[in-house]
Amino acid sequence: MATQFKFIMQKNYVSRTLVYALIASIALQPTFLLAATDLTDAPLIVQSRVKPNILFTLDNSGSMLWETITGTDATAAYNSGKTNRAFYSPTFNKLYYNPAITYLPAVKYDSLAPTFTSSMGNSPVAAARINPFFSTNTDTVDLRQSCWGKESAVLPLYDASSFVKNDNCRDSSSATYSKKYARYAFYYSWKTTNTATENPGSNQNSDTYYSRVEITPDTPTYSRAASRTDCGMGNTCTYAQELQNFANWFTYYRTRIATAKSSLGIAFSALDGKSRVGFSTINNNSGSENTKASNFVALANFDSAQKLTWYNRVYGIDPDGGTPLVTALDRAGQYYTSGTMPGASSTTLRNVTVPLACTPNYTILSTDGYWNGGAPANVGNLDRKVP
């Protein structure tokens, strides 16, 4: 028994010695050897090296040209004449300038940049472009302008569509037009003392309900929201910073389509050749349902050449027509099923569009509202069907 006990003790001693030696050998490894192995942050079972297909389908209906998102403009633009203070209130019109948001410039294709995209740059406050995506549209606005209006502002202070001066605000003062205003760079704020809910259909278009905030040199600082990243870490933004943010909004986010293009361009700039990206629209370029694959960019590796084609096509969209979303999604499904986009001038084999059976296929559809138009016939429930 004593011999057996001694053997067990020796065995335990040897085991402990081996464990200590192993721990010591790991602890004494050079740092570069320890750093050579990275642990995955995703389960091995879900990892895939197969490039995903991402077809982005853009709503290019006529309503994408509107300058409002209010919840009351599903079938018609809210206050297209821009006569109501609520149009200029970011708490009612979610598309209008909001001082709590940092408006980033859109991006453009750049063959020399690592991501093949680079910033389009801050919008010049003295010459802010009305449409930065069309090279043929060179119209600009000097957002620094001031003018003279009546004691209670009569809106708009500029032409609602062209942004040129109008008679509601004059270049010089007079007995009638005696109050100075910022012609373009301003917004209205719903007064916190109001007991009523902001509802422009309830005779609220007056200074009783709204405070006017002007971005002028006369106001050197503006309250900085915590979400603003362009004004440093202080509590205020300078006049120059606030006006620059307004200019970026005016040029890159003022309309629904400008917001879509700017946001889409920034989001997709992060993708590279590890993804296959394509593009389509719900309508053609004449405002009719897109049955001939107008604006279509076939799925391909999102490399320099594909990004050049993709960004040119996205930024060149000029909205018109209705909102046939269902048939647009049906065409996307047919594209993945057959390999050829319906209406395309040439046929593509399915193994070109979907290289492997395990290829993840996605369609992302962006839209500004309700769909209309017809629905495809004989589609049925295909959720369980594998092409």
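Here the structure is shown first, and the text comes after it.
Residues numbered from 1 in each chain as written. Predicted model: local features only at pLDDT ≥ 70, side-chain atom pairs only at ≥ 80, totals over all residues. Heavy atoms only, no water.

## Brief notes about the packing of aromatic side chains
Then comes step 1: Going through the model one piece at a time under the given rule, you end up with 31 aromatic pairs.
Then comes step 2: Ring centres 5.3 Å apart and planes at 65° place the aromatic pair Tyr 78 and Phe 92 in the edge-to-face group. Here Tyr 78, found in the loop between strand 1 (53-58) and strand 2 (107-109), pairs with Phe 92, found in the loop between strand 1 and strand 2; they are 14 residues apart in sequence, far enough to count as distant. Each member of the pair, Tyr 78 as well as Phe 92, is classed as buried.
Then comes step 3: With 4.8 Å between their ring centres and 65° between their planes, Tyr 96 and Trp 249 make a pair best called edge-to-face. A residue pair is termed long-range when its members are at least 10 positions apart, and Tyr 96 in the loop between strand 1 and strand 2 and Trp 249 in helix 3 (residues 239-252) qualify at 153 residues. (Phe/Tyr/Trp six-rings, centres within 6.5 Å; stacked < 30°, edge-to-face > 60°. Helix = DSSP H or I, 4+ residues; strand = E, 2+ residues; numbered from the N terminus. Buried < 20%, exposed > 50% of the residue type's maximum accessible area, 1.4 Å probe, protein only.)

## Some words on helix 5 (residues 304-315)
Given 3.6 residues per helical turn, the α-helix brings residues three or four places apart onto the same face.
Then comes step 1: Here helix 5 spans 16 Å end to end across 12 residues, near enough to the 16 Å set by a 1.5 Å rise per residue.
Then comes step 2: Looking only at helix 5, the buried set comprises Ser 304, Gln 306, Lys 307, Trp 310, Tyr 311, Val 314 and Tyr 315. The arc enclosing the buried residues of helix 5, seen along the axis, measures out at 150°, which places them on a common side. Seen from the open side of helix 5, the exposed residues pointing more than 90 degrees away from its buried face are Ala 305 and Asn 312.
Then comes step 3: Buried positions along helix 5 lie against strand 1, strand 2, strand 3 (117-119), helix 4 (256-268), strand 12 (276-281) and strand 13 (297-301). (Expected span 1.5 Å × (residues − 1). Arc of directions from axis to C-beta. Contact = heavy atoms within 4.5 Å.)

## Quick look at the pattern of salt bridges
Then comes step 1: According to the stated counting rule, one finds 12 salt bridges in the structure shown.
Then comes step 2: Among the ionic pairs, Arg 183 bridges to Asp 171, the shortest N-O distance being 3.4 Å. With Arg 183 in the loop between strand 7 (179-182) and strand 8 (186-190) and Asp 171 in the loop between strand 6 (146-149) and strand 7, the pair connects residues that are 12 residues apart, well separated along the chain.
Then comes step 3: Looking at Arg 183, the relative accessible area reads 0%, which means it is buried. (Salt bridge = Lys/Arg side-chain N within 4 Å of Asp/Glu carboxyl O.)

## Re the nonpolar core
Then comes step 1: Core analysis: the largest hydrophobic core is formed by 59 residues, its most contacted members being Tyr 96, Leu 143, Phe 268 and Trp 310.
Then comes step 2: If you tally residues by element for this core, the top one is helix 3, at 7 residues.
Then comes step 3: The residues touching Leu 143, leaving out its near neighbours within four places in the chain, are Val 125, Ala 128, Tyr 184, Ala 185, Leu 243, Phe 246, Ala 247 and Phe 250.
Then comes step 4: Among the nonpolar cores identified, the runner-up in size contains 9 residues, and Leu 55, Leu 299, Ala 332 and Tyr 336 belong to it. (Core = buried A, V, L, I, M, F, W, Y, C linked by side-chain atoms within 4.5 Å.)

## Description of unusual backbone geometry
Then comes step 1: Look at the link from Leu 155 to Pro 156: it is a cis peptide, with omega at 0°.
Then comes step 2: Inspection of the secondary structure puts Pro 156 in the loop between strand 6 and strand 7.
Then comes step 3: With phi around 45°, Asn 79 is a residue other than glycine that occupies positive phi space.
Then comes step 4: Position of Asn 79 relative to the elements: it lies in the loop between strand 1 and strand 2.
Then comes step 5: Owing to a relative accessible area of 16%, Asn 79 belongs among the buried residues under this scheme.
Then comes step 6: Even without being a glycine, Phe 116 presents a positive backbone phi close to 65°.
Then comes step 7: By the secondary structure assignment, Phe 116 is in the loop between strand 2 and strand 3.
Then comes step 8: The partly exposed category is assigned to Phe 116, whose relative accessible area is 26%.

## Some words on the environment of Tyr 311
Then comes step 1: For Tyr 311, the position within the fold is in helix 5.
Then comes step 2: Owing to a relative accessible area of 2%, Tyr 311 belongs among the buried residues under this scheme.
Then comes step 3: Counting along the chain gives 32 residues from Tyr 311 to Phe 279, while the straight-line C-alpha distance between them is 9.5 Å.
Then comes step 4: Engagement of the side chain of Tyr 311 in a polar contact is seen with the backbone nitrogen of Ser 269, the distance being 3.2 Å. (Polar contact = N/O pair within 3.5 Å; in protein donor to acceptor, adjacent residues only side chain to side chain.)

Function cannot be read off these values alone, since they describe shape.
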